[in-house]
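# Chains, contacts and geometry: an overview
So the chains spell out like this:
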Amino acid sequence: MDMMIKQKIKQVKKGDQAAFEDVVSFYQNKVYQICYRMLGNTHEAEDIAQEAFIRAYVNIHTFDERRKFSTWLYRIATNLSIDRIRKKKPDYFLDAEVKGTDGLDMYSQLPAEQALPEEEVESLELQSYIQQEIMALPPKYRGVIALRYLDELSLLEISEILDIPMGTVKTRIHRGREALRKRLRHV
Amino acid sequence: MLVNCDKEIVRLMHEYLDGHLAKTEENKLRSHLQSCEACQKHFHELKRTVAMLKSSSDIQAPVNFTANVMEGLPQEKKRVGYMRWFKAHPIITAAAIFFLFMMSGIFSAWNQDSQLSVSKQKNLVIQDDTVIVPEDVVVDGDLIVKNGDVKIEGEVKGDVVIINGEPLLASAGQVSGDLKEVNQVFDWIWYHIKEVTENVFSIGK
Ligand SMILES: [Zn+2]
C-alpha cells in the first residue's frame, strides 16, 4: 500500500489531480477520525478533514518524499483541528453547555419505526459516550489519544506528527488514559 | 488502596500499554499485581479503557467525502491537463509535434523568400509590387503570385492564388476559378500554431 501511495504522490506532485483521488479515499477515514476525535462534531470534522486534504494538495510540493506521507497528512489535520478549537474559544462556555450532544442528537433523530438492532444501538451509545468523555479532556490530550488509537500509532510517530518531544507525548498519553479510565470505569 | 502503592507502578502500567516495558520491569509489575488487589483493579480498568477506545476507532468519513474534496480542489493547471493528454496519446503527440516543426519550417522558409514571384505565364505586366493581367490578355491555368498584389483587367482561366498580397480587382477582370488569398489563411494558421507551440514548449519546463 505504501508503494501505491508513494507512486500516487509522485503523480500528484507532477500535477496529476486525478491521482489525488486515490490518496483521499485511502486516508479519508483516518483523517476524518482524527478531526472527529478532536472536535467532537460531525459537521466540523467533515469540514476540517476536507480542508486538511485540500491543504495537502495545495502544498504537496513541500512534502519530503523520503518521509512518511501519513505523518505529514495527520499533522495538517491535527493542526487545523487545533486552530478550529482555538477559534471557537470565544464561545467556549456556550459550547461547554451543549458539549457532547452531537452523537446523541444523531441518535434521537432516528425515526422510531426504523429502530436499530439492539447491538447497534448499544455500540452507537457507547461510541458517542466515549467521544463525550474524550471531549471532556483538554485538547492537547485529545490529540494524543486520537492518534494513539487510530491505527495504534507509535509514540515516536505521534511525536513527529504533533512536533512535540517523546517525553511530552508519553506524559500526555498516560494522563489522558488515566482521566479516561476514571470516566469510563462505570460503563 | 492505590495511595499506598508507588506511583511507579502506575507508570509501569502505562509503559506496558504502550509496549515500552523492558522485561525486568514487566516482572516487577507482574509480581506487584499478584500481591496488590487495588493495582490489579486499576490495571484492569486501564485495559478496559483501551479496549473501548480501540473498539470505537472505526469511525467512517461521510459517504461523498472523497468526491467533495475533489470538487473543492483548486483548478488543475492547464499545462498539466495537456501533459496528461499527450502522455495518453503518444503517437498523436509525435505526429502533432512533427507537423508543428514542419509547418514552422515551411513558414520560416516562406519568410526568407520575400521576393515577388509569379507563376510563369506570358504577357503579364509587373509594376512595382503589382502583377497586372492586362485587358487583352487571357491567362490559361492558375495564376500564382507571391509577395505582391494582383490587378486583373483581363481574364484568368483558372484559380488565382495570392500569397502575401492583395487582389486589386479594379472592375471587369474575370477569374473563372477561385480567388484565394493565402496570406490571411497563413496568418490564421500561424496564429494558432503560435498558441499551440507555446503550450507545447511550456510543458517541458
Ligand atoms: Zn498496588
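Residues numbered from 1 in each chain as written. Chains lettered and ligands numbered in written order. Predicted model: local features only at pLDDT ≥ 70, side-chain atom pairs only at ≥ 80, totals over all residues. Heavy atoms only, no water.

Stated formally: UniProt positions are given in the numbering used here, feature names are shortened, and annotations may be inferred rather than shown by experiment.
Going by what an unreviewed UniProt entry lists, chain B is known as Anti-sigma-W factor RsiW and is assigned to Sediminibacillus albus. Under Sequence similarities (unreviewed entry), UniProt gives the following word-for-word description of chain B: "Belongs to the zinc-associated anti-sigma factor (ZAS) superfamily. Anti-sigma-W factor family."

If you look chain A up in an unreviewed UniProt entry, it shows as RNA polymerase sigma factor from Sediminibacillus albus. In its Sequence similarities (unreviewed entry) section, UniProt records this for chain A: "Belongs to the sigma-70 factor family. ECF subfamily."

## Side note on the interface of chain B and chain A
Where we set the bar: Every residue pair with non-hydrogen atoms within 4.5 Å of one another is taken to be in contact. Here the quantity called buried area is the accessible surface, traced with a 1.4 Å probe, that two parts lose on coming together, added over both. A pair is scored as a salt bridge if a Lys or Arg side-chain nitrogen falls within 4 Å of a carboxyl oxygen belonging to Asp or Glu. Polar contacts, as counted here, are pairs of nitrogen or oxygen atoms within 3.5 Å of one another; within protein the pair requires one atom able to donate a hydrogen and one able to accept it, and residues that are adjacent in sequence qualify only if both atoms are side-chain atoms. A run of DSSP states H or I qualifies as a helix once it reaches four residues; a run of E qualifies as a strand once it reaches two. Both are numbered from the N-terminal end. Only Asp, Glu, Lys and Arg are considered charged in this grouping, and only Ala, Val, Leu, Ile, Met, Phe, Trp, Tyr, Cys and Pro are considered nonpolar; every other residue, Gly among them, is considered polar.
Taken residue by residue, the interface counts 35 residues in chain B and 41 residues in chain A. Summing both partners gives a buried area of about 3700 Å² for chain B against chain A, and 61% of it is carried by carbon and sulfur. It is Leu53(B), Ile59(B) and Phe65(B) that lose the most area in chain B upon contact with chain A, and together they represent 18% of the buried surface on that side. Across the chain B-chain A interface, the total number found is six salt bridges. With a shortest N-O distance of 3.4 Å, Glu15(B) and Lys170(A) are connected by a salt bridge. There are 17 residue pairs in polar contact (both at pLDDT 80 or more) connecting chain B and chain A. Listing elements by their share of the side of chain B that touches chain A, those giving two or more residues are helix H1 (7-17), helix H3 (37-55), helix H4 (65-72) and helix H5 (78-88) of chain B. Element by element, the count of residues in the side of chain B that touches chain A is highest for H3(B), at nine residues. Partitioning the side of chain B that touches chain A into residue classes produces 15 nonpolar, 11 polar and nine charged.

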